[in-house]
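Residue-level structural notes
Spelled out, the chains give:
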2 protein chains.
Amino acid sequence: MLYSTIETLKKNQLSITDSRKKILEMFVRSKGALAHADIESQSGTEFDRVTIYRTLQTFVEKGIIHTIPTADNSVRYALCKDACTEGHHRDDHVHFMCDHCGTTYCLDHVHVPKVSLPEGFTSTQMDLVVSGKCMKCNH
Amino acid sequence: MLYSTIETLKKNQLSITDSRKKILEMFVRSKGALAHADIESQSGTEFDRVTIYRTLQTFVEKGIIHTIPTADNSVRYALCKDACTEGHHRDDHVHFMCDHCGTTYCLDHVHVPKVSLPEGFTSTQMDLVVSGKCMKCNH
DNA sequence: TAATATAATGCAACATTGTTGCAAAATATT
DNA sequence: AATATTTTGCAACAATGTTGCATTATATTA
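Just so you know, the residues in each chain are numbered from 1, in the order the chain's sequence is written. The naming scheme follows written order: chains are lettered A onward, ligands numbered 1 onward. For a predicted model such as this one, the threshold for reporting local features is a pLDDT of at least 70, and the threshold for listing and counting side-chain atom pairs is 80 or more; totals across whole chains, interfaces and linings nevertheless cover every residue. Values reported for side chains reflect all heavy atoms of the structure, with hydrogen atoms and water molecules removed beforehand.

**Some thoughts on the overall build of chain A**
Counting from the N terminus, the helices are the DSSP runs of H or I reaching at least four residues and the strands are the DSSP runs of E reaching at least two. Assigned secondary structure in chain A consists of four helices and six strands. Secondary structure elements of chain A, listed N to C terminal, follow the sequence α-α-β-α-α-β-β-β-β-β. When accessible area is computed with a 1.4 Å probe and restricted to protein chains, residues below 20% of their type maximum are described as buried, those above 50% as exposed, and intermediate ones as partly exposed. When the 139 residues of chain A are sorted by exposure, 45% land in the buried category. Contact definition: two residues touch when any of their heavy atoms are within 4.5 Å. Partitioning the contacts of chain A with sequence separation of at least 6, the portion at a separation of at least 24 is 51%. Only the protein chains shown count as cover for residues, and all accessible areas are computed by the Shrake-Rupley method using a 1.4 Å probe. If you sum the accessible surface of chain A, you get close to 7,700 Å²; carbon and sulfur atoms cover 49% of it.

**Re the interface of chain B and chain A**
On the side of chain A, 38 residues touch chain B, which itself brings 38 residues to the contact. When chain B packs against chain A, close to 2,800 Å² is buried across both sides, 61% of that on carbon and sulfur atoms. Three residues stand out in chain B for area buried against chain A, namely Asn73(B), Phe121(B) and Asp127(B), and they jointly supply 21% of the buried area on that side. Salt bridges are defined as contacts in which a side-chain nitrogen from Lys or Arg sits within 4 Å of a carboxyl oxygen from Asp or Glu. Where chain B meets chain A, there are zero salt bridges. Polar contact is the term for a pair of N or O atoms within 3.5 Å; when the atoms are in protein, one must be able to donate a hydrogen and the other to accept it, and sequence-neighboring residues count only if both atoms are side-chain atoms. Joining chain B to chain A, the criterion identifies 16 residue pairs in polar contact (both at pLDDT 80 or more). Put simply, the parts of the chain that give the side of chain B that touches chain A at least two residues each are strand S2 (65–68), strand S5 (104–111) and strand S6 (122–133) of chain B. A total of twelve residues in the side of chain B that touches chain A trace back to one element, the largest contributor, which is S6(B). All residues other than Ala, Val, Leu, Ile, Met, Phe, Trp, Tyr, Cys, Pro, Asp, Glu, Lys and Arg, Gly among them, are scored as polar; the first ten of these are nonpolar and the last four charged. Grouping the amino acids of the side of chain B that touches chain A by side-chain chemistry returns 20 nonpolar, 14 polar and four charged. Throughout, buried area stands for the accessible area (probe radius 1.4 Å) lost by two parts on being put together, summed over both.

**Remarks on the nonpolar core**
We call a set of buried Ala, Val, Leu, Ile, Met, Phe, Trp, Tyr and Cys residues a nonpolar core when their side-chain atoms join them within 4.5 Å. By size, the foremost hydrophobic cluster in this structure holds 28 residues, and its most contacted members are Phe96(A), Leu128(A), Phe96(B) and Leu128(B). Counting residues per element, the ones that place at least two in this core are strand S4 (93–98), strand S5 (104–111) and strand S6 (122–133) of chain A together with strand S4 (93–98), S5 and S6 of chain B. When neighbours within four sequence positions are excluded, Phe96(B) is seen to be in contact with Leu117(A), Phe121(A), Thr122(A), Thr103(B), Thr104(B), Tyr105(B), Leu107(B), Val130(B), Ser131(B), Gly132(B), Lys133(B) and Cys134(B).

**Focus on the sheet that holds strand S1 (residues 34–35) of chain B**
All names here are of chain B. Taken in spatial order, the three strands line up as S1-S3-S2 in an open sheet, and their pairing is antiparallel. Strand pairing shows two members of the sheet lacking a second neighbour, S1 and S2, which therefore form its edges. In the sheet, S2 pairs with strand S3 (residues 76–79) via four bridges, with the strands oriented antiparallel. If you follow isoleucine 68 over to S3, its bridge partner there is arginine 76. Where helices are involved, their axes are fitted lines through C-alpha atoms of the stretch in contact, as for all axes, and angles between N-to-C directions lie from 0 to 180°. Sheet contacts for helix H2 (residues 18–29): S1, S2 and S3; angle to S3, the most-contacted strand, approximately 80°. Between any two strands, at least two bridges found by DSSP are needed for them to pair.

**Points about the side chain of Ser43(A)**
All names here are of chain A. Relative to the helices and strands, serine 43 resides in the loop between helix H3 (36–42) and helix H4 (49–62). At a separation of 3.4 Å, a polar atom in the side chain of serine 43 contacts the main-chain carbonyl oxygen of glutamate 40. Sequence-distant contacts of serine 43, defined by excluding residues within four places in its chain, comprise Met26 and Ile52.

**Points about the relation of the copies chain B and chain A**
Copies are brought into register by a least-squares superposition over C-alpha atoms of residues with pLDDT of at least 70 in both. Once chain B is rotated about the relating axis by 180° and shifted along it by 0.0 Å, it coincides with chain A to within an RMSD of 0.1 Å. Both copies of the chain, as the preceding transformation shows, are related through a two-fold rotation axis. For chain B, the residue whose C-alpha comes nearest the rotation axis is Leu128(B), separated from it by 2.2 Å. Same-surface contact between copies: 100% of interface residues of chain B are shared with the interface of chain A.

**With respect to the protein's contact with DNA strand C**
One heavy atom suffices: a residue is near a molecule or strand as soon as one of its heavy atoms comes within 4 Å of it. In the vicinity of DNA strand C, 19 residues are found, and the nearest of them are Ile16(A), Ser19(B), Arg20(B), Thr51(B) and Arg54(B). Near-protein atoms of DNA strand C (within 4 Å) split between backbone and bases, with sugar and phosphate holding 64%. One of the side-chain N or O atoms of Arg49(A) is found 3.0 Å from a base nitrogen in DNA strand C. With respect to DNA strand C, the side chain of Arg20(B) contributes an N or O atom lying 2.8 Å from a phosphate oxygen. Counting residues per element, the ones that place at least two in the surface near DNA strand C are H4 of chain A together with H2 and helix H4 (49–62) of chain B. Per-element accounting of the surface near DNA strand C gives the leading share, five residues, to H4(A).

**Description of the pattern of salt bridges**
All names here are of chain A. Under the defined criterion, the tally for this structure stands at four salt bridges over all chains. One salt bridge connects glutamate 25 with arginine 29, and the closest N-O pair in it is separated by 3.3 Å. One end of the pair, glutamate 25, and the other, arginine 29, are both in helix H2 (residues 18–29), four residues apart, so they sit about a helical turn from each other. Accessibility expressed as a relative area gives 30% for glutamate 25, which makes it partly exposed.

**Overview of the packing of H2(A) against H4(A)**
Residues and elements named next belong to chain A. Between H2 and H4, the least distance of the axes is 10 Å, while the angle of their chain directions is 70°. It follows that H2 is roughly perpendicular to H4 by the angle criterion. Note that H2 runs across H4; the crossing there is right-handed. Touching Ser19, Arg20, Ile23, Leu24 and Phe27 of H2 are Thr51, Ile52, Thr55, Leu56, Thr58 and Phe59, all from H4. Its residues placed into classes, the contact of H2 with H4 shows six nonpolar, four polar and one charged. With respect to orientation, any angle under 35 degrees is reported as roughly parallel, any angle over 145 as roughly antiparallel, any angle of 65 to 115 as roughly perpendicular, and every other angle as oblique. A clockwise turn of the near helix away from the far one marks a right-handed crossing, whereas an anticlockwise turn of less than a right angle marks a left-handed crossing.

As structure tokens, then:
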């Protein structure tokens, strides 16, 4: 699938800026999820810390990326698939965190199975985070 | 089930202190999960902020409480059940976060269904966080 | 039970993470 | 190209979490 960062920004009515292009490119290139710190270190001193925060916030609002609930409660982001639109995220796929190398994967093709909730509880979103050893670390 | 905080502390070879007793009591009494801030506000100026951090840390290490991965990546803790022992947590039950009142529940009797992972991935833990409206907020 | 050893607490200082206001710079619009 | 709009970087701040160390509380021993 061809993924043009500029097209994505335009589609979401965002002005095309260096930081937005480069940060979005990082997500496209990265197989796993990214934390704020990853982006900060990968971009060196190119962007201000605040700009990165604001860019991530904007991308989340527009449904370009989504946050991942992780076992260690650190904040990570990953690209949304087509099902995500502004204001409404459908993140029903499974996330995998490798205990060994720390990489977080979106397992797009594994979806969260239904569970039956107790009387009176209704669900709008389900996040399944699996921890263990990934492909690479199982050699 | 009878739950003695003092017994629990002794069983885990922890010295019996005011803060440990009171913080553990809060968990026993609370239906939902607690964040550091909840404990801080409930206990007033009785304990230092640092003591609360250290107590929570100790309880996690001993397998008395566990952290809950939440949709908003805030850190919350809940009592572990018997299956949790020092150094090894089995938190295979489902957590529920109410979007409306913010309460986090451990749904002890709902367990996480198996999912089939891609080739090469092995799992040691699964955390399922369901968001929606709880019992109370569905009036 | 009193004396000693051990462990936990509170305080201060610091580190990290995230937020806000505002002037300067970049992008978009005409 | 000129103007309007948006984004950026900086500074300052707020919240959250950590560390070292003297003091205090708990546990152990005689």
